[in-house]
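Close look at the chain arrangement
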Amino acid sequence: MHPILKNVLAIVLGLVVGSLVNGGIIQVGPSMIPPPAGVDVMTAEGLKAGLHLFEPKHFLMPFLAHALGTLFGAFVAAKICAGPKMLYAMIIGFFFLFGGISMMFMVPSPLWFTILDLGLAYLPMAFLGARLAR
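What comes next concerns the included structure. (Residues numbered from 1 in each chain as written. Predicted model: local features only at pLDDT ≥ 70, side-chain atom pairs only at ≥ 80, totals over all residues. Heavy atoms only, no water.)

Counting its regular elements, the protein contains 6 helices and 0 strands. Listed by position from the N terminus, the elements making up the protein come as α-α-α-α-α-α. Across its three principal directions, the C-alpha atoms of the protein cover 50 × 25 × 20 Å. For the protein, buried positions account for 37% of its 134 residues. The long-range fraction of contacts in the protein, counting pairs at least 24 apart against all pairs at least 6 apart in sequence, stands at 74%. With the model as given, the accessible surface of the protein reaches about 7400 Å², and the carbon-plus-sulfur share is 77%. Distance between charge centroids for the protein: 25 Å, based on 7 positive and 4 negative side chains. (Helix = DSSP H or I, 4+ residues; strand = E, 2+ residues; numbered from the N terminus. Buried < 20%, exposed > 50% of the residue type's maximum accessible area, 1.4 Å probe, protein only. Contact = heavy atoms within 4.5 Å. Areas by Shrake-Rupley, 256 points an atom, 1.4 Å probe, with all protein chains shown as cover. Lys, Arg positive; Asp, Glu negative; His and termini not counted. Charge placed at Lys NZ, Arg CZ, Asp CG, Glu CD.)

As structure tokens, this is what we get:
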């Protein structure tokens with residue numbers, strides 16, 4: 001396979017796999033750690049309206065979704081790419097970081113979670129994904 005095509009495929013598959021992992025964890029999260037009564041966690045409006053009822057435990061699954069989605073996506077991209085593995089893993093990390101920053105504007109979160117999420121869930125996990133792919 002041509003290296004350019006292989007690298008494009010690595011990015012696309014990394015984003016798809018990472019998004020599927022992220023979405024899967026977000027979907028099953030409320031069954032593992034139920035949200036506060038009456039809060040609709042499947043819509044941005046519901047989250048905004050009920051965020052004041054959330055305890056720290058309610059942020060565990062979103063953090064894991066962001067971190068593991070990035071990790072798996074970066075791993076896949078690094079495994080498939082024809083170029084430098086770290087570069088392609090970090091591209092995935094930056095895509096997911098941009099998504100995380102966007103979500104922080106759409107659905108406000110406590111400052112401690114914003115710092116933890118943006119600081120640990122994206123670029124460090126992309127770095128780890130590249131290391132694991134070697």
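What follows concerns the packing of helix α3 (residues 60-80) against helix α4 (residues 85-106). Their axes nearest at 8 Å, the elements α3 and α4 cross at an angle of 145°. Once α3 is placed against α4, the crossing between them reads as right-handed. Between α3 and α4, the contacting residues are Gly69, Thr70, Gly73, Ala74, Ala77, Ala78 and Lys79 on the first element and Lys85, Tyr88, Ala89, Ile92, Gly93 and Phe96 on the second. (Axes fitted to C-alpha atoms, helices over the stretch in contact; angles between N-to-C directions. Left-handed = near helix turned anticlockwise from the far one by under 90°.)

A separate point is the side chain of His66. You can see His66 is positioned in helix α3. Residues within four places of His66 in sequence aside, it is in contact with Asn22, Asp117, Ala121 and Tyr122.

Quick look at α4 now. For α4, built from 22 residues, the straight-helix expectation of 32 Å at 1.5 Å per residue is met to within 8% by its first-to-last C-alpha distance of 32 Å. Those residues of α4 not exposed but buried are Tyr88, Ala89, Ile92, Gly93, Phe96, Leu97, Gly100 and Met104. On its buried face, α4 is in contact with α1 (3-32), α3, α5 (111-120) and α6 (123-133). (Expected span 1.5 Å × (residues − 1).)

A word on the nonpolar core. Within the largest apolar cluster, 26 residues are counted, with the highest numbers of intra-cluster contacts made by Phe54 and Ile92. Elements with a minimum of two residues in this core: α1, α3, α4 and α6. Ranked by residue count, the leading element in this core is α4, at 6 residues. Aside from chain neighbours lying at most four places away, what touches Ile92 is Ile11, Gly14, Leu15, Thr70, Gly73, Ala74 and Ala77. (Core = buried A, V, L, I, M, F, W, Y, C linked by side-chain atoms within 4.5 Å.)

In this section: the packing of α4 against α5. Running from N to C, α4 and α5 cross one another at 165°; their axes reach a closest spacing of 10 Å. Relative to α5, α4 is oriented roughly antiparallel. For the crossing formed where α4 meets α5, the hand is right-handed. Between α4 and α5, the contacting residues are Leu97, Gly100, Ile101 and Met104 on the first element and Phe113, Thr114, Asp117 and Leu118 on the second. Its residues assigned to classes, the contact of α4 with α5 shows 5 nonpolar, 2 polar and 1 charged. (Parallel < 35°, antiparallel > 145°, perpendicular 65-115°, else oblique. Nonpolar A, V, L, I, M, F, W, Y, C, P; charged D, E, K, R; others polar.)

For the rest of this paragraph, the subject is the packing of aromatic side chains. The tally for this structure, following the rule as stated, stands at 4 aromatic pairs. Here Phe54 and Phe59 contribute two aromatic rings whose centre-to-centre distance is 5.8 Å and whose plane-to-plane angle is 55°, an arrangement assigned as tilted. For Phe54, a relative accessible area of 16% translates into the label buried. For Phe59, a relative accessible area of 9% translates into the label buried. Geometrically, the ring pair formed by Phe59 and Trp112 is edge-to-face, given 5.3 Å between the ring centres and 80° between the ring planes. You can see Phe59 sitting in the loop between α2 (44-50) and α3 and its partner Trp112 sitting in helix α5, a full 53 residues away along the chain. (Phe/Tyr/Trp six-rings, centres within 6.5 Å; stacked < 30°, edge-to-face > 60°.)

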